[in-house]
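# Notes for the structure review
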Amino acid sequence: MKIKGIKRKNTIELFQEIQIPDGQEIVIEIIHGEPKKNGISESQFWQSLEKFRQEQELEIEPEVFANVRDTSPGREVNW
């Protein structure tokens, strides 16, 4: 059984009702995940991207990114 919840001080609040009688001893495995954006964690994103690149055997030549950054200092800002 896998149940999600949230820790608040020394209490774990469950997100759904579970069918276990009161007083029943249980064991909880704590899995502390990274905060997720759009349902996927940052590390999962990079792992997935790396896997995709390896599977597709993508080689990006360094010249592709040459001179893509504007080197001008920009406008002056007066405070």
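First, a word on what this report is: a plain description of the structure on this page. (Residues numbered from 1 in each chain as written. Predicted model: local features only at pLDDT ≥ 70, side-chain atom pairs only at ≥ 80, totals over all residues. Heavy atoms only, no water.)

## Side note on helix α1 (residues 42-56)
- The terminal C-alpha atoms of α1, which comprises 15 residues, lie 21 Å apart, in line with the 21 Å expected from a rise of 1.5 Å per residue.
- Once α1 finishes, glutamate 57 follows within two positions and takes phi at roughly 50°, a positive value. (Helix = DSSP H or I, 4+ residues; strand = E, 2+ residues; numbered from the N terminus. Expected span 1.5 Å × (residues − 1).)

## Examining the pattern of salt bridges
- The final tally for this structure, using the stated rule, is two salt bridges.
- For arginine 8, the salt bridge goes to glutamate 13, with nearest N and O atoms at 2.8 Å.
- Among the residues examined, glutamate 13 registers a relative accessible area of 37% and is labelled partly exposed.
- A salt bridge links glutamate 55 to lysine 51, with the nearest nitrogen and oxygen atoms 4.0 Å apart. Here lysine 51 and glutamate 55 lie together in helix α1, a separation of four residues that amounts to about one turn.
- Note on glutamate 55: relative accessible area 52%, which makes it exposed. (Salt bridge = Lys/Arg side-chain N within 4 Å of Asp/Glu carboxyl O. Buried < 20%, exposed > 50% of the residue type's maximum accessible area, 1.4 Å probe, protein only.)

## Notes on a negative patch on the surface
- Taken together, the side chains of Glu57, Glu59, Glu61 and Glu63 define an acidic patch exposed on the protein surface.
- In this fold, glutamate 61 is placed in the segment after α1.
- Judged by its relative accessible area of 43%, glutamate 61 is partly exposed. (Patch = residues over 30% accessible without salt bridge, like charges linked within 9 Å, V, L, I, M, F, W, Y side chains within 5 Å. Areas by Shrake-Rupley, 256 points an atom, 1.4 Å probe, with all protein chains shown as cover. Lys, Arg positive; Asp, Glu negative; His and termini not counted. Charge placed at Lys NZ, Arg CZ, Asp CG, Glu CD.)

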